[in-house]
Amino acid sequence: LWPCFCIAWFTGFVHITLSLKKIFMVVLNKNILSGIIGAIMLNLVHQLGKKVDKDAPRIDQIGQEALSKSIRSVGYDPPRGNKLFAATLVGDLVANSIYYGLIGKGRKENLLLRGIVYGAVAGIGALTLTKPMGLDGQPVNKTAKTKIMTIGWYVLGGVVTVFAHKLINRRG
């Protein structure tokens, strides 16, 4: 009886492992993986920038305001401090990973252009959509330098996504 149990357990384990691998590959395809790399770079630059330059865009403040307002709108108290920062960072990484992951769709000849355009559109959106969304746009609009960095950093995320995509899809 014991050997039968071990074989059944092992067979079940292998089946679950293979199922998880399929789910993982569907959810985390090459485009999304590239997008994750671009989103990580974007967030690293944002976090580093705010430590070294007083004019650096503070997209994290806008994200925290948006998350807090959203949670309050459904009758709950939002997290505060490090918990709010962490929740916002996770949301930002997920959203930007999906967005940047779209860069890999389409013709490969236009990949770099697509990365630049997607990044520029995201940066311009960060500058212009805060007010219509009822958010304070000052953290990304405080100076001309801040605006240029905002767009530039999103473009950097798009370009990093392109190079990650090329590396991941390289053959041979």
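Cut-offs used in this document
- Residues numbered from 1 in each chain as written.
- Predicted model: local features only at pLDDT ≥ 70, side-chain atom pairs only at ≥ 80, totals over all residues.
- Heavy atoms only, no water.
- Helix = DSSP H or I, 4+ residues; strand = E, 2+ residues; numbered from the N terminus.
- Buried < 20%, exposed > 50% of the residue type's maximum accessible area, 1.4 Å probe, protein only.
- Contact = heavy atoms within 4.5 Å.
- Areas by Shrake-Rupley, 256 points an atom, 1.4 Å probe, with all protein chains shown as cover.

## Examining the overall build of the protein chain
Then comes step 1: Secondary structure summary: the protein chain contains 7 helices and 0 strands in total.
Then comes step 2: Sequence-ordered secondary structure for the protein chain, helices as α and strands as β, is α-α-α-α-α-α-α.
Then comes step 3: Counting over 172 residues, the protein chain shows a buried share of 34%.
Then comes step 4: Put simply, 73% of the contacts in the protein chain that link residues at least 6 apart link residues at least 24 apart.
Then comes step 5: Taken as a whole, the protein chain presents about 11,100 Å² of accessible surface, with 71% of it coming from carbon and sulfur.

## Here we look at the environment of Arg 80
Then comes step 1: With respect to the element layout, Arg 80 can be found in the loop between α3 (59–73) and α4 (81–101).
Then comes step 2: Owing to a relative accessible area of 74%, Arg 80 belongs among the exposed residues under this scheme.
Then comes step 3: In the structure, Arg 80 is positioned 12 residues away from Ser 68 in sequence and 8.8 Å away in space, judged by C-alpha atoms.

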